[in-house]
Amino acid sequence: MRGIFVTGFAALFISGASADEVKDALLSLEVCYMAQGVVNGAKTCQPPPMIVGAVFGDCSPEEDAFEFAIQHENQTNASISRMALEKARERYTPRIESQILSGQTTMRKCP
C-alpha cells in the first residue's frame, strides 16, 4: 500500500521516466516522518497535533531533499516544490499523529 501511495503522490508532481529521484526522496521523507513520530511521541504526553511540528523539524533534511528532487526533475521553481511539500505534510499528518500515539502508549505509557 505504501508503494502505491508514494508512486501515486509523486506522479502528481513529476512526469516522464525520471521519477525515481522524487519517489526515493518521498520514501525517505515518509520513513523519517514515521520514525520521528514514534521518537517524539515517546518524549512527551502532549497531544499529537502539538508534536507534529517537531517531527517536521526533525525531518527537515529529508524535506529539503524532496523539494530539491522535484525542482531538479521538473526544472520548476521553488513555489511548485514548496506546494508539493505542503501537500506531503498534509497527507502524512494523520499517519504521523498515529505514530506519535503509538510512541506515547507503548514507550511512554501515556493515558
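Caption draft 1: Molecular detail of the pattern of salt bridges. On inspection of all chains with the given rule, the structure shows four salt bridges. In this structure, the salt-bridge partner of Arg 95 is Glu 30, at a minimum N-O distance of 2.9 Å. Here Glu 30 lies in helix H2 (residues 20-43) and Arg 95 lies in helix H5 (residues 78-108), a separation of 65 residues in the sequence. Since its relative accessible area comes to 35%, Arg 95 is described here as partly exposed. A network of salt bridges, in which partner residues are shared, links Glu 67, Arg 82 and Glu 86.

Caption draft 2: A look at the nonpolar core. Of all hydrophobic cores here, the largest spans 21 residues; its most connected members are Leu 29, Tyr 33, Phe 66, Tyr 92 and Ile 96. Taken together, the elements giving at least two residues each to this core come down to H2, helix H3 (48-58), helix H4 (60-74) and H5. For this core, the element with the most residues is H2, which contributes seven residues.

Caption draft 3: Up close: the state of the cysteines. Scanning the entire structure with this criterion turns up one disulfide. Here Cys 32 connects covalently by a disulfide to Cys 59, the sulfurs 2.1 Å from one another. Measuring the twist about the S-S bond at about -95°, one finds the Cys 32-Cys 59 disulfide to be left-handed. Here Cys 59 lies in the loop between H3 and H4 and Cys 32 lies in helix H2, a separation of 27 residues in the sequence. Across the pair, exposure class does not vary: Cys 32 and Cys 59 are buried alike.

Caption draft 4: Geometry of the confidence of the model for the protein. Across the protein, pLDDT averages 84, with 82% of residues at or above 70. H3 holds the highest mean pLDDT among the elements of the protein, 96, whereas helix H1 (residues 2-11) holds the lowest, 52.

Caption draft 5: Examining the packing of H2 against H3 more closely. The N-to-C vectors of H2 and H3 enclose an angle of 130°; their axes lie 9 Å apart at closest approach. Here H3 runs oblique to H2, going by the angle between their axes. Classified by chirality, the crossing of H3 by H2 is right-handed. Contact residues: Cys 32, Tyr 33, Gln 36, Gly 37 and Asn 40 in H2; Ile 51, Ala 54, Val 55, Phe 56 and Asp 58 in H3. Residue composition of the contact of H2 with H3, grouped by class: six nonpolar, three polar and one charged.

Caption draft 6: View of H5. Counted at 1.5 Å a residue, the expected span for H5 with its 31 residues is 45 Å, but the 39 Å between its end C-alpha atoms falls short. Within H5, the axis deviates most sharply at Thr 93, by approximately 45°, and proline Pro 94 lies no more than four positions further along. All of the buried residues in H5 are Ser 81, Ala 84, Leu 85, Ala 88, Tyr 92, Thr 93, Ile 96, Ile 100, Gly 103 and Gln 104. Positive backbone phi, approximately 65°, marks Lys 109, located one or two places after H5.

Conventions used here
- Residues numbered from 1 in each chain as written.
- Predicted model: local features only at pLDDT ≥ 70, side-chain atom pairs only at ≥ 80, totals over all residues.
- Heavy atoms only, no water.
- Salt bridge = Lys/Arg side-chain N within 4 Å of Asp/Glu carboxyl O.
- Helix = DSSP H or I, 4+ residues; strand = E, 2+ residues; numbered from the N terminus.
- Buried < 20%, exposed > 50% of the residue type's maximum accessible area, 1.4 Å probe, protein only.
- Core = buried A, V, L, I, M, F, W, Y, C linked by side-chain atoms within 4.5 Å.
- Disulfide = S-S within 2.5 Å.
- pLDDT = per-residue confidence, 0-100.
- Axes fitted to C-alpha atoms, helices over the stretch in contact; angles between N-to-C directions.
- Parallel < 35°, antiparallel > 145°, perpendicular 65-115°, else oblique.
- Left-handed = near helix turned anticlockwise from the far one by under 90°.
- Contact = heavy atoms within 4.5 Å.
- Nonpolar A, V, L, I, M, F, W, Y, C, P; charged D, E, K, R; others polar.
- Expected span 1.5 Å × (residues − 1).
- Bend = angle between axes of the 7 residues up to and from the residue.

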